[in-house]
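# Summary of the model geometry
Spelled out, the chains give:
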Amino acid sequence: MLRPGPGRKPHPEGVSNEEFRAVMSRLAAGVVLVTAHEPPLTEDGPRGEDVGMTATAFLSVSLDPPLVLVSVREGSRMDDLLAEQPLWAVSLLSDHQRQVAGRFAMKGRISDRLLFADLPHTRGSVSGALLIDGALATLECRTESRVPAGDHTLVIGRVLATSLPAAEASPLTYFRGRYRQLGA
C-alpha cells in the first residue's frame, strides 16, 4: 500500500491521485485514435479542421444497439468539439502505430493539421472524420449521450459503420505508462 507522504494528498475517501494512477497503470488497455471533423465557422468560410486524440479509455458498451464509449478530458479540444459535432471516428491502432499514438497524446502539440499531414488516412464516408490507414479496425460513430464523470466526459456513441483494414495485425497496448506490443 502506498502511504500518504509529501505530494500524496489523499482524497476525502483516502486514495491519492498517485495511488490511483499506480494501481490503474497495471490495467493493460488498447490504444485508439479518436478523430472528428470540426466544421467551418460559416458555410462560405475555409474548410473546417480535423482533430485527433489518443485514448486508452475506450470500450464496447452494447451489441444491440452497437454502442461504444470513450472518455475525454473535460474541457479539452476533443471534449468541446464532441459537444458540438455528433459524428466522430475511432481507429484501433496496431502495434506498428506507436508513433501515431505518441503524436496525438502530446500536450501543447502543434496543430492537428500538421500532425495529419504525413499520416496515411481516408475520410470516413459516414462521419467525415479521418480513419488511419493500417489500423486494426475503424468505427464511425454518432454521439448518443454524454455523461460528466469527474475530470472527464464519457461519450457514448452509436456505431454507424465499421471496417477491418489490418485485421490480422497485432494491437498496440498501454501498460505501466508505456506503449507496448501484446506479449512484450
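### A look at the sheet that holds strand E10 (residues 152-163)
Strand order in this open sheet of 7 strands is E3-E2-E6-E9-E10-E5-E4, and the pairing throughout is antiparallel. Single-partner strands in this sheet number two, and they are strand E3 (49-55) and strand E4 (58-62). Along the sheet, successive strands turn relative to each other by an average axial angle of 35 degrees, direction set aside. Here E4 pairs with strand E5 (residues 67-73) via 4 bridges, running antiparallel. Pairing of Ser62 across the sheet is with Leu67, part of E5. Along the sheet face, helix H2 (residues 77-84) touches strand E2 (32-38), E3, E5, strand E6 (87-92), strand E9 (137-149) and E10 and points at about 55 degrees away from the line of E2.

### What to know about a nonpolar patch on the surface
Residues Val15, Phe20, Val23, Met24 and Leu27 make up a contiguous nonpolar surface patch of about 490 Å² in total accessible area. Topologically, Phe20 is positioned in helix H1 (residues 17-24).

### A closer look at unusual backbone geometry
In this structure, the amide linkage connecting Asp64 to the following residue, Pro65, adopts the cis form with an omega of 5 degrees. By secondary structure assignment, the location of Pro65 is in the loop between E4 and E5. With phi around 50 degrees, Arg176 is a residue other than glycine that occupies positive phi space. With respect to the helices and strands, the residue Arg176 is situated in the loop between strand E11 (172-175) and strand E12 (178-181).

### Examining the nonpolar core
Among the nonpolar cores identified, the biggest contains 19 residues, and Val34, Val70, Met78 and Trp88 are the most heavily contacted of them. Taken together, the elements giving at least two residues each to this core come down to E2, E3, E5, H2, E6, E9 and E10. Contact partners of Val34, with chain neighbours within four places excluded, come to Val51, Gly52, Met53, Ala55, Val70, Met78, Trp88, Ala89 and Val90.

### Re the sheet that holds E12
Here 3 strands make up an open sheet; going across it, the order is E1-E11-E12 and the pairing antiparallel. For this open sheet the edge positions go to strand E1 (29-30) and E12, each flanked by a neighbour on one side alone. In terms of strand pairing, E11 meets E12 through 4 bridges, oriented antiparallel. From the neighbouring strand, Phe175 faces E12, where its bridge partner is Arg178.

What counts as what
- Note that residues are indexed from 1 along each chain, following the sequence as it is written.
- Side-chain atom pairs in this predicted model are given and counted only at pLDDT of 80 or more, local residue features only at pLDDT of at least 70, and totals for whole chains, interfaces and linings cover all residues.
- Values shown for side chains rest on all heavy atoms present in the structure; no hydrogens or waters enter the calculation.
- Two strands are said to pair when DSSP picks up at least two bridges between them.
- Only DSSP runs of H or I covering at least 4 residues are called helices, and only runs of E covering at least 2 are called strands; the numbering of each starts at the N terminus.
- Only C-alpha atoms enter the line fits that serve as axes; for helices the fit covers just the stretch in contact. Angles between N-to-C directions range over 0 to 180 degrees.
- By definition in these notes, contact holds between two residues if any of their heavy atoms fall within 4.5 Å.
- The patch calculation keeps residues exceeding 30% relative accessible area without a salt bridge and links them within 9 Å when they carry like charges or within 5 Å when they are nonpolar (Val, Leu, Ile, Met, Phe, Trp, Tyr).
- Method for areas: the Shrake-Rupley scheme with a 1.4 Å probe, in which residue coverage is limited to the protein chains shown.
- The salt bridge definition used is simple: a Lys or Arg side-chain nitrogen within 4 Å of an Asp or Glu carboxyl oxygen.
- Note on terminology: a nonpolar core comprises buried Ala, Val, Leu, Ile, Met, Phe, Trp, Tyr and Cys residues joined through side-chain atoms within 4.5 Å.
- Exposure is judged per residue with a 1.4 Å probe applied to protein chains only, and the accessible area is read against the type maximum: over 50% gives exposed, under 20% gives buried, and values in between give partly exposed.

Distances and angles like these do not, on their own, reveal function.
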